[in-house]
Structure formats: C-alpha cells, structure tokens
Amino acid sequence: MEDDYERLNHTQRLKAAVHYTVGQLCDETSADTGIEFNKQFVAALAELTFKQSESFAIDLELFAKHAKRATILPDDVKLLVRKSQSLHDHIKEKCSQQVSISEEKRKEKKTKQTKKKQVNDNLVT
C-alpha cells in the first residue's frame, strides 16, 4: 500500500515537473514569437509530453530486454528515434561526443597510471 502511494506521489511530481518545463518553454516561445499559449494548451501539451515519455521508456526497456540486457544503450535510443532523421542525427552526434569524452578520460587515466608507476619504480631503485 505504501509503495503504491510513493509511486503515485513520484508520478505526480514528475508530471508537475513536465508541466512546469512545458510552461517555461511555451513562455520562451511566446516571448520570441509573440504567439500566446493558453493554460489548456499548455496542460494538454504537458500531458502529451508525459505520455510520450512513458511510451519511450517502455520501448527502450523492451529493446534492451529483447537484446537480453538490463541496461539501455545508445543504440536502443537510436533505434527509438530512427523515424525522425533530425532527432536521429542529433542523438548520433551526442553519442559521438560522449565517446570522445570517454576516450579522453581513459587516456588521461592511463597517463596518470603510467606516471605513478614510473615514480614508484624510481623510488624502489
């Protein structure tokens, strides 16, 4: 019973956060374009966004499960957005950036380990 309450409370907080963010984006768009958005539109757009996010989450979990994994990978996200070329290109670019960052960190770590080993070798001799 308490788990159901916590899950409901968590869902309500997520919905509120999505509603707030959609409202902020609508305000920014309104300021840039001069187009006004009424409260009903913002609420409907926020609900649609939340439902679409739930659908995405379910699909991503199923892609990973189908591949017999418990972890969602970037390839799962690419598969999810395959029908939107611009979104697919954006995700692909972000993945490439993340890979580059990871490689740089790995090189830095390896360099530090090599230097540490050299210092230790010098101390021993």
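Higher on the page you've got the structure.
### Thoughts on the pattern of salt bridges
Point 1. Per the stated rule, a full pass over the model turns up three salt bridges.
Point 2. Residue Arg69 pairs with Asp76 through a salt bridge whose shortest N-O separation is 2.9 Å.
Point 3. We note a salt bridge from Lys78 to Asp75, for which the minimum N-O separation is 3.8 Å. Of this pair, Lys78 and Asp75 both sit in helix α3 (residues 74-80), three residues apart, which is roughly one turn of that helix.
Point 4. Since its relative accessible area comes to 22%, Lys78 is described here as partly exposed.
Point 5. By relative accessible area, which is 53% here, Asp75 ends up exposed.

### A short note on the side chain of Ser30
Point 1. Along the chain, Ser30 falls in helix α1 (residues 2-33).
Point 2. Judged by its relative accessible area of 14%, Ser30 is buried.
Point 3. If we skip the residues at most four places from it in the chain, Ser30 touches Ile35, Glu36 and Phe37.

### Thoughts on the side chain of Asp76
Point 1. Tracing the chain through its elements places Asp76 in helix α3.
Point 2. Judged by relative accessible area, which is 4%, Asp76 ranks as buried.
Point 3. Excluding residues that lie within four positions of it along the chain, Asp76 makes contacts with Leu60, Phe63, Ala64, Arg69 and Thr71.

### Comments concerning the packing of aromatic side chains
Point 1. A full pass over the atoms with the stated rule returns one aromatic pair.
Point 2. On the numbers, 5.4 Å between centres and 20 degrees between planes, the contact of Phe37 with Phe41 is stacked.
Point 3. For Phe37, a relative accessible area of 28% puts it in the partly exposed group.

### A closer look at the environment of Phe50
Point 1. Within the secondary structure layout, Phe50 lies in helix α2 (residues 39-66).
Point 2. Along the sequence, Phe50 and Ala16 sit 34 residues apart, while their C-alpha atoms lie 9.9 Å from each other.

Criteria and thresholds
Residues numbered from 1 in each chain as written. Predicted model: local features only at pLDDT ≥ 70, side-chain atom pairs only at ≥ 80, totals over all residues. Heavy atoms only, no water. Salt bridge = Lys/Arg side-chain N within 4 Å of Asp/Glu carboxyl O. Helix = DSSP H or I, 4+ residues; strand = E, 2+ residues; numbered from the N terminus. Buried < 20%, exposed > 50% of the residue type's maximum accessible area, 1.4 Å probe, protein only. Contact = heavy atoms within 4.5 Å. Phe/Tyr/Trp six-rings, centres within 6.5 Å; stacked < 30°, edge-to-face > 60°.

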